[in-house]
Amino acid sequence: MMETLLQNLFQENVILVSVAITVISFILGFFISKYLDSQKLISSKKVAKQILEDARREAEVIKKEKVVEAYDEIQKERSRTEDLLQKKKREVAELEISLKRKEEDVLRDKDILLKRDKDMNIREEVLNTKERQVKEMSEKYIRELERVSGLSEFEARNILLKQVEEEAKKEAAQRIKRIEEEAKTVAKKKANEAVVLAIQRYASEHVAESSVSVVNLPAEEMKGRIIGREGRNIREFEKLTGVDLVVDDTPEAVIISAFDPIRREVAKRSLEKLIADGRIHPGRIEEVVEKSKTEIEEGMREEGEKAAYDLGIHNLAPELIKILGRLKYRTSYGQNILQHSLEVAYIGGMVASQVGADASIVRRACLLHDIGKAVDHQVQGPHALIGAQIAKKYNESPAVIHAISAHHYDEEPKTVEAILVSAADAISAARPGARRENLETYLKRLEEIEKIAQSFEGVEKAYAIQAGREVRVIVSNEQVDDEGAIELARNIAKKIEKDLEFPGEIKVTVIRETRVIEYAR
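Calculation rules
Residues numbered from 1 in each chain as written. Predicted model: local features only at pLDDT ≥ 70, side-chain atom pairs only at ≥ 80, totals over all residues. Heavy atoms only, no water. Helix = DSSP H or I, 4+ residues; strand = E, 2+ residues; numbered from the N terminus. Buried < 20%, exposed > 50% of the residue type's maximum accessible area, 1.4 Å probe, protein only. Contact = heavy atoms within 4.5 Å. Areas by Shrake-Rupley, 256 points an atom, 1.4 Å probe, with all protein chains shown as cover. Patch = residues over 30% accessible without salt bridge, like charges linked within 9 Å, V, L, I, M, F, W, Y side chains within 5 Å. Salt bridge = Lys/Arg side-chain N within 4 Å of Asp/Glu carboxyl O. Axes fitted to C-alpha atoms, helices over the stretch in contact; angles between N-to-C directions. Parallel < 35°, antiparallel > 145°, perpendicular 65-115°, else oblique. Left-handed = near helix turned anticlockwise from the far one by under 90°. Nonpolar A, V, L, I, M, F, W, Y, C, P; charged D, E, K, R; others polar. pLDDT = per-residue confidence, 0-100. Pairing = 2+ DSSP bridges. Core = buried A, V, L, I, M, F, W, Y, C linked by side-chain atoms within 4.5 Å. Expected span 1.5 Å × (residues − 1).

A. Quick look at the overall build of the protein chain. A tally of helices and strands in the protein chain yields 15 helices and eight strands. Classification of the 521 residues of the protein chain by burial places 28% in the buried group. Of the contacts made within the protein chain by residues no fewer than 6 positions apart, 59% connect residues no fewer than 24 positions apart. Split by element, the accessible area of the protein chain, about 36900 Å² in all, is 56% carbon and sulfur.

B. Quick peek at a nonpolar patch on the surface. Taken together, the side chains of Ile 15, Val 19, Val 23, Phe 26, Ile 27, Phe 30 and Phe 31 define a hydrophobic patch exposed on the protein surface, amounting to about 720 Å² of accessible area. Following the sequence through the fold, Phe 31 ends up in helix α1 (residues 2-149).

C. Structural detail: the packing of helix α7 (residues 282-311) against helix α9 (residues 337-355). One can describe the packing of α7 onto α9 by two numbers: an axis separation of 11 Å at closest approach and a directional angle of 15 degrees. Judged on the interaxial angle alone, α9 and α7 are roughly parallel. As α7 packs across α9, the resulting crossing turns out to be right-handed. Along its contact with α7, which presents Glu 303, Ala 307, Asp 310 and Leu 311, the element α9 presents Leu 338, Leu 342, Ala 345 and Tyr 346. For the contact of α7 with α9, the class distribution of residues is six nonpolar, no polar and two charged.

D. Broad picture of the pattern of salt bridges. Following the criterion strictly, the structure yields 24 salt bridges and no others. Of the charged contacts, one joins Glu 287 and Arg 284 as a salt bridge, the two residues approaching to 3.2 Å between their closest N and O atoms. Taken as a pair, Glu 287 and Arg 284 lie in helix α7 at a separation of three residues, close to a single helical turn. With a relative accessible area of 16%, Arg 284 lands in the buried category. The closest approach of N and O atoms between Asp 310 and Lys 306, which form a salt bridge, is 3.1 Å. Highlighted residues: Asp 310 and Lys 306, both in helix α7, separated by four residues, approximately one helical turn. By relative accessible area, Asp 310 is classed as partly exposed at 37%. Ionic contacts of the salt-bridge type, sharing partners, join the residues Glu 265, Arg 269, Lys 273 and Glu 295 into one network.

E. Examining the environment of Asp 482 more closely. Within the fold, Asp 482 resides in helix α15 (residues 482-499). Separated by 30 residues in the primary sequence, Asp 482 and Arg 512 have C-alpha atoms spaced 7.6 Å apart.

F. Here's a closer look at the side chain of Ser 292. Inspection of the secondary structure assignment puts Ser 292 in helix α7. Look at Ser 292 and you get buried, because its relative accessible area is 0%. Contacts of Ser 292, omitting those with residues within four sequence positions, involve Val 266, Arg 269, Ser 270 and Lys 273.

G. Main features of the confidence of the model for the protein chain. Of the residues in the protein chain, 83% have a pLDDT of 70 or more, and the chain-wide mean is 79. The model gives residues 194-209 a pLDDT under 50, and that stretch makes 20 contacts with residues more than four places away or in other chains. Predicted confidence is poor over residues 432-438, with pLDDT under 50, and the contacts of this stretch with residues over four places away or in other chains come to 14 contacts.

H. Layout of the sheet that holds strand β7 (residues 470-475). One open sheet accounts for three strands, arranged β6-β7-β8; its pairing is mixed. Two strands close off the open sheet at either side, each with one partner strand: β6 (459-465) and β8 (507-511). Here the average twist between neighbouring strands, direction ignored, is 20 degrees. The pairing of β6 with β7 spans six bridges and is antiparallel. Its bridge partner being in β7, Lys 461 is matched across the sheet by Ile 474. Against the sheet, α15 makes contact with β6, β7 and β8, and its axis sits at roughly 150 degrees relative to β8, the strand it touches most.

I. Structural detail: the nonpolar core. Membership of the largest hydrophobic core comes to 42 residues, with the highest contact counts inside it found for Leu 316, Leu 320, Leu 324, Leu 367, Leu 368, Ile 371 and Ile 390. Breaking this core down by element, the ones donating at least two residues are α7, α8 (318-326), α9, α10 (359-368), α11 (383-393), α12 (398-406) and α13 (416-430). Here this core gets seven residues from one element, more than from any other, and that element is α9. In this structure Leu 368 touches Leu 316, Leu 320, Leu 324, Glu 396, Val 400 and Ile 404, once residues within four positions along its chain are discounted. Among the nonpolar cores identified, the runner-up in size contains 24 residues, and Ile 234, Ala 258, Ile 262 and Met 300 belong to it.

J. Broad picture of unusual backbone geometry. Positive phi, normally seen in glycine, also occurs at Asn 315, with a value near 65 degrees. Considering the arrangement of structural elements, one finds Asn 315 in the loop between α7 and α8. Under the relative-accessibility criterion, Asn 315 is labelled exposed at 74%. A positive phi is found at Asn 395, a non-glycine position, where the angle reads about 65 degrees.

K. Main features of α7. Its 30 residues give α7 an end-to-end C-alpha distance of 44 Å, which sits within 8% of 44 Å, the value for a rise of 1.5 Å per residue. Listed in full, the buried residues belonging to α7 are Arg 284, Ile 285, Val 288, Val 289, Ser 292, Ile 296, Met 300, Gly 304, Ala 307, Ala 308 and Leu 311. Those residues of α7 that are buried are in contact with α5 (232-241), α6 (261-277), α8, α9 and α10. Looking at the residues trailing α7, positive phi occurs at Gly 312, about 70 degrees.

L. A look at α8. Turning to α8, its buried residues are Leu 320, Ile 321, Ile 323, Leu 324, Gly 325 and Arg 326. At its buried positions, α8 is contacted by α6, α7, α9, α10 and α11.

M. Spatial organisation of the pairing of β7. The pairing of β7 with β8 spans five bridges and is parallel. Directly across from Val 473, in β8, lies its bridge partner Val 510.

N. Structural detail: the environment of Lys 392. Residue placement: Lys 392 occurs in helix α11. Looking at Lys 392, the relative accessible area reads 61%, which means it is exposed. For the pair Lys 392 and His 402, spaced ten residues apart in the sequence, the C-alpha separation amounts to 9.6 Å.

What follows is the structure, given as structure tokens:
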């Protein structure tokens, strides 16, 4: 029992000791924690204080740097401002100098103007004095002339006017005579053109130029193959194509001669194909010639269609298109007739649109106006009438047929469209370079006309226009008066007649004008 009591007492003491130890440990832990917290606070305060000190020092450094930078910027801005101020001062000084110079120039000009005004007044007085003297002398001379001649001024004026009238009548008679001579010359020229056209179809040097073709050979021995054994190849070729094949001493070339351009083209293509193929014998020649004819026929049809398409012309008969394509191989005075027809159609259409005529009829008639030349070596008669017959055969309208037949006045033109076709044809044929007129000669004639006009006193400029059919002369208003302009035109015309040879006539136009210019400021 005692032991049990002691054990219980011991256990209670142990518990109390444990509790006491626990309480003491808690108290010690609390105080130790407080102590540690106080130490950490002290350390944190020191760190914070150090940070504040470092920040303060860094702020002082930054502040000093910014102050220095601001000071430098202020100095730079002050320097720029001073430079700008100096520049402005220099500019102001320069402006002052310039204004001073201008003021001096104005004063000097004013003095000059005053002096000129004074001189002009003096000259005006001198001129008035001279005018009075001239008038007095003129009256004196008139009285003296009246005394010597026994005629009054009125009678002398009548005699002078009568002489001028007689001279004008004489000049008119000469002009009438010249017009009659020109009419005879034109008639003779028309006859010569008909002769030349006939010669062009069949003979003359010019036809020789446009009626031969040259085919180049790859080698000289090819001539022997073209001729063939005992000449059978060349005879067969000439018989099938209807041309003359000239094989002469011309190196590596043969000449095809024919007045029919289509035959000549067929022969040229055939010979070129035979040479390229190398097989030349009668059978092969016949085959190639037939093939070339087919190609030429197809090509003519395509050319006719292309010409009609380019002009926007529709519903042409197939045979008429084919005949039109034949014109590609025809020339007149060196001018390709198909190209000439296209050009005439373009010109005629534009003129018709401007004057209010039927442009479609004019273009159609212009395109077909020379189709008679495609067959005129086969049919007798003027090509205009032949072309009209062809157009009538293929149901063209009466207006188109009439324009074709009248474009060379084989018939009298009765419509505006017919006159326009004739005019467009003349324009295309007469323009410089269209036919065989030497361009150098043409330009030389224009230069000579201008040179003659400029050789007269008072002429400032002269221009030859209208292909040399007119010269416009601009004269000095001070040197040439209205009466002098009339006399100058007559003298220029006479000198041109004397020094130059030219077809038709040249119109001389003298232009005299007064120009007054003032400026509004």
